[in-house]
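# Reading the structure
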Amino acid sequence: MGPPPKVAAKQKEDRATGSACRYAVRSIEDCYLLNPKATRNDVFTGWKEMDAYMRENKIEGVPSVLTPSLGAAATTAPKEEIITESATGSK
């Protein structure tokens, strides 16, 4: 038998995610953080398989460049500080 088709598809997708993380020179921990809905066991299996394949064939990974989305940049921008002079301040 085997797992139901939806489960098998999810396993393949999670393994592909792990493989992509390894090729992108991401640690397995970073991969877990970036893909919280993925099953860790399947992600690790894909990461490990890709690692073995890359070592065997002497393939160098290609580091990914994550760019923050516009919405994230707006929320992480430093807040402006407003400095006001008091009326009784010294001159």
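Notes on the structure follow. It should be emphasised that the depicted structure is a prediction, and the values quoted were computed from it without experimental measurement. (Residues numbered from 1 in each chain as written. Predicted model: local features only at pLDDT ≥ 70, side-chain atom pairs only at ≥ 80, totals over all residues. Heavy atoms only, no water.)

### Examining the overall build of the protein
Scanning the protein from N- to C-terminus turns up four helices and zero strands. Mapped from its N terminus to its C terminus, the protein presents α and β elements in the order α-α-α-α. Here the protein holds 91 residues, and the buried ones make up 21% of them. Residue pairs at least 24 apart in sequence account for 67% of intrachain contacts in the protein once pairs closer than 6 positions are excluded. Entry remark: accessible area of the protein is about 7,800 Å², with carbon and sulfur atoms responsible for 58%. (Helix = DSSP H or I, 4+ residues; strand = E, 2+ residues; numbered from the N terminus. Buried < 20%, exposed > 50% of the residue type's maximum accessible area, 1.4 Å probe, protein only. Contact = heavy atoms within 4.5 Å. Areas by Shrake-Rupley, 256 points an atom, 1.4 Å probe, with all protein chains shown as cover.)

### Re helix H3 (residues 40–56)
Since one α-helical turn is 3.6 residues long, residues separated by three or four positions face the same way. For H3, spanning 17 residues, the distance from its first C-alpha to its last is 24 Å, which sits close to the expected 24 Å at 1.5 Å a residue. Lys 58 lies just past H3 and shows a positive phi near 50°. (Expected span 1.5 Å × (residues − 1).)

### Description of the packing of aromatic side chains
Throughout the structure, instances matching the rule amount to zero aromatic pairs. When the ring centre of Tyr 32 is taken as reference, the NZ or CZ atom of Arg 40 above it lies at 4.5 Å. (Phe/Tyr/Trp six-rings, centres within 6.5 Å; stacked < 30°, edge-to-face > 60°. Lys NZ or Arg CZ within 6 Å of the ring centre and 35° of its normal.)

### Quick notes on the pattern of salt bridges
Summed over all chains, the structure comprises four salt bridges. Arg 22 is the salt-bridge partner of Asp 51, the closest N and O atoms lying 2.8 Å from each other. Of this pair, Asp 51 sits in helix H3 while Arg 22 sits in helix H1 (residues 5–23), placing them 29 residues apart in sequence. The class of Arg 22 is buried, set by a relative accessible area of 16%. A salt bridge links Arg 55 to Asp 51; the shortest N-O distance between them is 2.9 Å. One end of the pair is Arg 55 and the other is Asp 51, both in helix H3 and four residues apart, which spans about a single turn. Taken together, the shared-partner salt bridges in this structure form one network comprising Arg 22, Asp 51 and Arg 55. (Salt bridge = Lys/Arg side-chain N within 4 Å of Asp/Glu carboxyl O.)

### What about a nonpolar patch on the surface?
There is a patch of nonpolar side chains on the surface, built from Tyr 23, Tyr 53, Ile 59 and Val 62 and spanning about 360 Å² of accessible area. Considering the arrangement of structural elements, one finds Ile 59 in the loop between H3 and helix H4 (70–76). Residue Ile 59 is classed as partly exposed on the basis of its relative accessible area, which comes to 31%. (Patch = residues over 30% accessible without salt bridge, like charges linked within 9 Å, V, L, I, M, F, W, Y side chains within 5 Å.)

### Brief notes about unusual backbone geometry
The phi dihedral of Val 25 falls on the positive side, at around 60°, and the residue is not glycine. Considering the arrangement of structural elements, one finds Val 25 in the loop between H1 and helix H2 (28–34). One non-glycine residue, Lys 58, lies in the positive phi region at around 50°. Summarising the element assignment, Lys 58 is placed in the loop between H3 and H4.

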